[in-house]
Amino acid sequence: MTAPTTTTRLRLEGLHCAGCVARVERALAALPQVAAARVNLAAATAEVDHAGPSAPLVGAVEGAGFAVARSQVALAVQGATCASCVARIERALLAEPGVTAASMNLATGEARATVLAGAADAATLARALAAAGYPADPIRQDSHDPAAAQQAEAQSLRRRTLVAAALTLPVFVVEMGGHIAPGFRAALAGEQALRILAFLLTTAILAGPGRAFFAKGLPLLLKGAPDMNALVALGTGAAWTFSTIATFAPGLLPPGTAHVYFEAAAVIVTLVLLGRTLEARAKGRTGAAIRRLMALRPDTARVVTDTGIENRPVDALVPGDLIEIRPGERIPTDAEVVEGQGAVDESMLTGEPMPVEKTPGAPVTGGTVNGPAALRVRATKVGADTALARIVAMVEAAQGAKLPVQALADRVTAVFVPAVLAVAALTVLLWLALGPAPALGLALVAGVSVLIVACPCAMGLATPTSVMVGTGRAAELGVLFRKGDALQALSGVATVAFDKTGTLTEGRPAVTEIATAPGIDRAQALRLAAAVEARSEHPIARAILEAAPDHPTAEDVQALPGFGLRGRVDGAAILVGAARLMDEERIDLGDLAQAGERLAATGATPVYVARDGRALALIGLADPVKPTAKPAIDALHAMGVRTALITGDTHATAQAVAAELGIDRVHAGVLPGGKVAALEDLRADGPLAFVGDGLNDAPALAAADIGIAIGTGTDVAIEAADVVLMAGDPRGVADALHISRRTLRNIRQNLFWAFAYNTALIPVAAGLLYPLSGVLLSPMLAAGAMAASSLFVLSNALRLRGLAPIAGGRA
C-alpha cells in the first residue's frame, strides 16, 4: 500500500540566487520519499510533497549548505507514568508534519518538540498527544509553574492513596488474619459474607482511587499501545474478575480452584499509588535548584520617580528605571550603580564567597544581595534578558535534554510493555499446561505478578532525574551546562586546554618595567604607547593607560589582531605590539630583544614601542596568575586529565606560567585564528575541552569537543560555549568535570538497577523458583518491589544534591 503524501513548508535561510534554488530542489528531489519540491527564492521557502517524517528533508537542505528555520514548542503532559509512555509521546510528536525532534521528560512532565518554523503549532501538537491518550497543554513561560503542577499531582495522589489504604486495610486484615489464626475468619462472619465484603471494598477501590489505571490503560491497550497503566489494569482486573466469579458463580470454575484474590487487587492498587505519591514528592525535590534560583529575585522594587519612591512589581520594570536598594536587600534586576558605594554578595550566582566592591558605573546583577551601604542603581536589563533569567533558562534547557546514554533505554522500552504482555500470557499458558493443582489459581497469581513487577517506571526515571539534580547542583556551584548533551560529553574529555589571559591569570596586567633604546626618554616612550593604546579595549592597553594617563592623541589607529596596534602621533608612525610585529615591519630591536627574552622567561609579557621604523622602548607587563589556578590544575591532574596552555604570548612567557602551574603542554605564540589548529593537534590524544573568556576565544570554544567559557568574559565567548562558569574561578572547570562524571555514573547506576530489576524479577514472578522451593511471588510483593525500584532510582539521583566542589575552598 502506498504511504500517504503530505506537504511540508520549510523556511530557508541562506538563499541568494537561482543557483541556490536549484541546489535545494535537487537535494530534496533526490530523497526517495519526496514526490515534488518547489523552492521560492523571494519568500525563502520550500514546499515539499513527501511521505513519512519531515526530518530527512531538513537533512537534505542542510547537506546542500543551507539552513532551515526552527522553533521550540513546550507542552505540559498529563498521564505519563513510565518509560513506555515517554517513547509513545515522542513517537506521537515525531509523527506530526514539521516536527524534526521530540523529547519527553518524565521527571518534569514536560515534552519539547523542535518544529519547522510555521509548520506546526503548540495547539496542533497538544491535540496529537491527546489523541494518543495523553492530554497536554501548551506551556506559556509566564504562567507555567512546574513546581505547582508537581505539588498538585502529589496532593491528588496522596488523597487517592489514603482512600485506597483505608478501604484495603479491612480486606487485608481479614485475609491475612485467616492465614495467621485458622479460626479468625469464622469468628468474624460466614465465609460468603466475608467474600462479599471483600468484593464490595475492592470494587470501590478499583472504581475510585484505582479508576485512573483503567481509564488510561485500557484505551491504550485497545489501540495496541499498552503502557504501565494497562499492566496494572490487566493485573488487578484479572484478579478481581476471577475472585468475583469464585464468589458469585463458583460452579463456573474447575473444582478446587474457586479461591479469591481480592486482597491482591486491593493491595496492588494501594502500593502502586503509594509508590507514585512518593515518586511525585521526590520528583518535586529534583527541581529544587531551579526554584531556589528563581526565588533569588524579589517580587517588588522601589523605583525613584518624580513624586517619590514607588513600589513596583519587578515584572513591570523597564530599562532606565532608577531603583533604590537598601542595605541587606536583594537587587531586583540587572543594573548599573549610579549613586553610593559598597560591597555586594554575588555568591548565590557565582559561588564566590567574597563580596564584590561596587562603585558608580559598576554593574550589579539581579538576585545578588546588597551589603551594608545604600545604593541607587539604574536598570539595564529586565525580565527574560537578565542574567538570572538566562541562567534559569539555561538550566531548564539542559534539564530537559535527552542524553545519548539514554538511547539504549529508549530502544528497550519501545518494545518492553508488549513483550511483558506476551511473557505474562505465556506464563499463564505454561502454568495451565504444566502446573500442579489448582493450576488455574497458580496461573493467575503468576500472570498477575509478571504484569505488576515488570512496570518500567524506573527505566523512564533513570536518566532525567539524575540530569535534573546534577545540572541543578552544578548551577548552585556556579557551573551552567548550556546544552544537555554537554553533561555527558564533558565526562569523557582527556585534555583540558586553557587560554591564559583572564582565564588562568587575573586579566589585569600592570606595567612592571620599562627599558629604552639609547637616548630615548622613558616617560615619552610610555606616553606614545598610551596614545595608541587609548583606542584599544585589550587588558594590556588598560595597563599602559594606567601607567600614563596623560598622553597625546593618536590618529589612524589600526588594530592588528595577534600583533598589536599601529597609529600616528604628531605625524610620526607609531607601532606598539609583540616582537612578531617588529619582525613583520623589519624593525631592529637591538639590545631590547635580549631584555624582552629575559622578561618573558619570568612570565611577564614584553611589549615593544617603535617610531618611524626605530625601536624606542620595551614595556614589561605582568599579569599575576590567579591564586585558584594551581588548585584547579592539580584537581584535573588528580582526575587523570591532561592540561594544555594555548596563548598568543611568547614561548618563554607561556613556559614560565605553565611551569608555575604544572601544565603539561604549551602552544605559545598562537594567533587568534591558530587556536583552532592548536586544538586539532591536541585532539590526537582524545576528546578535549577548551577554556577561554575573550572575543578571540569564540572560534576555539566552538571548535572544541566541549567549550567552557569563564562567565566574567565576553557575551560572544559565552554564547559559543557549551558550559559557562559564572565566576572567573578556574576551579569551576574541575567542578564541571566532577559533576559531569558523577552524574553519568549516577545515570549508569540507575539504568543498571532498572534493567537488572526487571531481568531478575520477571522470571521469579513467572514461577521460576516454584519447582525448587515451592515459592511463588505474591502479586502484592511484586507491587511493592516495583514501587521500591522507582524509589531507589529517585533517591539515588537525589544523592547528587550533596556534591561538593572538587577543588575545595567553596560551599
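Under an unreviewed UniProt entry, the name given to the protein is Cu+-exporting ATPase, and the organism recorded is Rhodovulum marinum. UniProt lists a comment for the protein under the heading Sequence similarities (unreviewed entry), and it reads "Belongs to the cation transport ATPase (P-type) (TC 3.A.3) family. Type IB subfamily." Under the heading Subcellular location (unreviewed entry), UniProt records this for the protein: "Cell membrane".

Draft legend 1. Geometry of the overall build of the protein. Looking only at helices and strands, the protein has 29 helices and 30 strands in total. Each of the 811 residues in the protein was classed as buried or not, and the buried ones make up 52%. Pairs at least 24 apart in sequence give 68% of the contacts found in the protein among residues at least 6 apart.

Draft legend 2. Representation of the pattern of salt bridges. Summed over the entire model, instances satisfying the criterion amount to 19 salt bridges. R38 is paired through a salt bridge with D49; the nearest N and O atoms lie 3.0 Å apart. Linking R38 in strand 2 (residues 34-40) with D49 in strand 3 (residues 45-51), this pair joins segments that are 11 residues apart in sequence. By relative accessible area, which is 36% here, R38 ends up partly exposed. Residue classification places D49 among the buried positions, given a relative accessible area of 17%. One salt bridge connects R302 with E324, and the closest N-O pair in it is separated by 3.7 Å. Within this pair, whereas R302 is found in strand 9 (residues 300-305), its partner E324 is found in strand 11 (residues 322-325), the two being separated by 22 residues in sequence.

Draft legend 3. The arrangement of the environment of Y757 in detail. When you line up the elements, Y757 lands in helix 27 (residues 731-766). Placed 303 residues apart in sequence, Y757 and A454 show a C-alpha to C-alpha distance of 8.6 Å. Leaving out residues up to four positions away in the same chain, Y757 has contacts with V453, F752, A782, A785, M786 and S789.

Draft legend 4. The arrangement of the side chain of T168 in detail. Positionally, T168 belongs in helix 5 (residues 146-180). Since its relative accessible area comes to 6%, T168 is described here as buried. For T168, the side chain forms a polar contact with the side chain of T270, separated by 2.8 Å.

Draft legend 5. View of helix 18 (residues 522-533). Here helix 18 spans 16 Å end to end across 12 residues, near enough to the 16 Å set by a 1.5 Å rise per residue. Within the sequence span of helix 18, burial applies to A525, L526, L528, A529, A530, A531, V532 and E533. For helix 18, the N-terminal capping position is held by D521, with its side-chain oxygen 3.3 Å away from the main-chain nitrogen of A523.

Draft legend 6. Focus on the packing of aromatic side chains. Across all of its chains, the model carries 5 aromatic pairs by this definition. Consider the rings of F199 and F262, whose centres lie 6.1 Å apart with planes at 65°: the pair is edge-to-face. Of the two residues, F199 sits in helix 7 (residues 191-207) while F262 sits in helix 10 (residues 262-286), which places them 63 residues apart along the sequence. Note on accessibility: F199 and F262 belong to one class, buried. Centroid distance W753 to F792: 4.6 Å. Interplanar angle 35°. Geometry classified as tilted. Of the two residues, W753 is situated in helix 27 and F792 in helix 29 (residues 779-798); the sequence distance between them amounts to 39 residues.

Rules used in this analysis
Residues numbered from 1 in each chain as written. Predicted model: local features only at pLDDT ≥ 70, side-chain atom pairs only at ≥ 80, totals over all residues. Heavy atoms only, no water. UniProt positions renumbered as here; feature names shortened; annotations may be inferred. Helix = DSSP H or I, 4+ residues; strand = E, 2+ residues; numbered from the N terminus. Buried < 20%, exposed > 50% of the residue type's maximum accessible area, 1.4 Å probe, protein only. Contact = heavy atoms within 4.5 Å. Salt bridge = Lys/Arg side-chain N within 4 Å of Asp/Glu carboxyl O. Polar contact = N/O pair within 3.5 Å; in protein donor to acceptor, adjacent residues only side chain to side chain. Expected span 1.5 Å × (residues − 1). Phe/Tyr/Trp six-rings, centres within 6.5 Å; stacked < 30°, edge-to-face > 60°.

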